[in-house]
Amino acid sequence: MVAAEREIDLKKLAARWREETPHGQTRRSEALTGLQVGGISALALLSKPFEVCLDRPALELERIH
C-alpha cells in the first residue's frame, strides 16, 4: 500500500521479490486473488493468505482509509 501521491516502481518491486515483471499479469492476478484487476486492494486481501506490504511513510499516519 502506498499513498495516492506516490508511485510503485513495478520493475524494482519484481526484482526485489525475484519475480517476473508484473506488467501483463492480469489473468494470473485475478486467478490468485479471485478479484478483478482494478478491485484488488490490500483491504480486499485481508481474509486471503497474502502478505500486505505497507509503504514506510504510511506508518507515520494516524489513520489509513
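Residues numbered from 1 in each chain as written. Predicted model: local features only at pLDDT ≥ 70, side-chain atom pairs only at ≥ 80, totals over all residues. Heavy atoms only, no water.

We now examine the overall build of the chain. A tally of regular secondary structure across the chain gives two helices and zero strands. Looking at the chain alone, contacts between residues at least 24 apart form 29% of all its contacts between residues at least 6 apart. For the chain, the accessible area works out to roughly 6,000 Å², and carbon and sulfur atoms hold 50% of it. Side chains of the chain give 10 positive and 10 negative charges; the mean places of these two sets differ by 5 Å. (Helix = DSSP H or I, 4+ residues; strand = E, 2+ residues; numbered from the N terminus. Contact = heavy atoms within 4.5 Å. Areas by Shrake-Rupley, 256 points an atom, 1.4 Å probe, with all protein chains shown as cover. Lys, Arg positive; Asp, Glu negative; His and termini not counted. Charge placed at Lys NZ, Arg CZ, Asp CG, Glu CD.)

Bringing the side chain of D55 into the picture now. Within the fold, D55 resides in the segment after helix 2 (26-33). Judged by relative accessible area, which is 16%, D55 ranks as buried. What D55 contacts, discounting residues up to four positions off in sequence, is M1, V2 and R6. (Buried < 20%, exposed > 50% of the residue type's maximum accessible area, 1.4 Å probe, protein only.)

We now examine the environment of W17. Of note, W17 is situated in the loop between helix 1 (10-16) and helix 2. For the pair W17 and L54, spaced 37 residues apart in sequence, the C-alpha separation works out to 15 Å.

It is worth spelling out a nonpolar patch on the surface at this point. Together, M1, L43, L46, V52, L54, L59, L61 and I64 make up an exposed nonpolar region whose accessible area comes to about 760 Å². Inspection of the secondary structure puts L46 in the segment after helix 2. The exposure class assigned to L46 is exposed, which follows from its relative accessible area of 61%. (Patch = residues over 30% accessible without salt bridge, like charges linked within 9 Å, V, L, I, M, F, W, Y side chains within 5 Å. Salt bridge = Lys/Arg side-chain N within 4 Å of Asp/Glu carboxyl O.)

The next subject is the side chain of T33. Tracing the chain through its elements places T33 in helix 2. For T33, the side chain forms a polar contact with the main-chain nitrogen of L35, separated by 3.0 Å. Excluding anything up to four places from it in sequence, T33 contacts I40, L45, K48 and F50. (Polar contact = N/O pair within 3.5 Å; in protein donor to acceptor, adjacent residues only side chain to side chain.)

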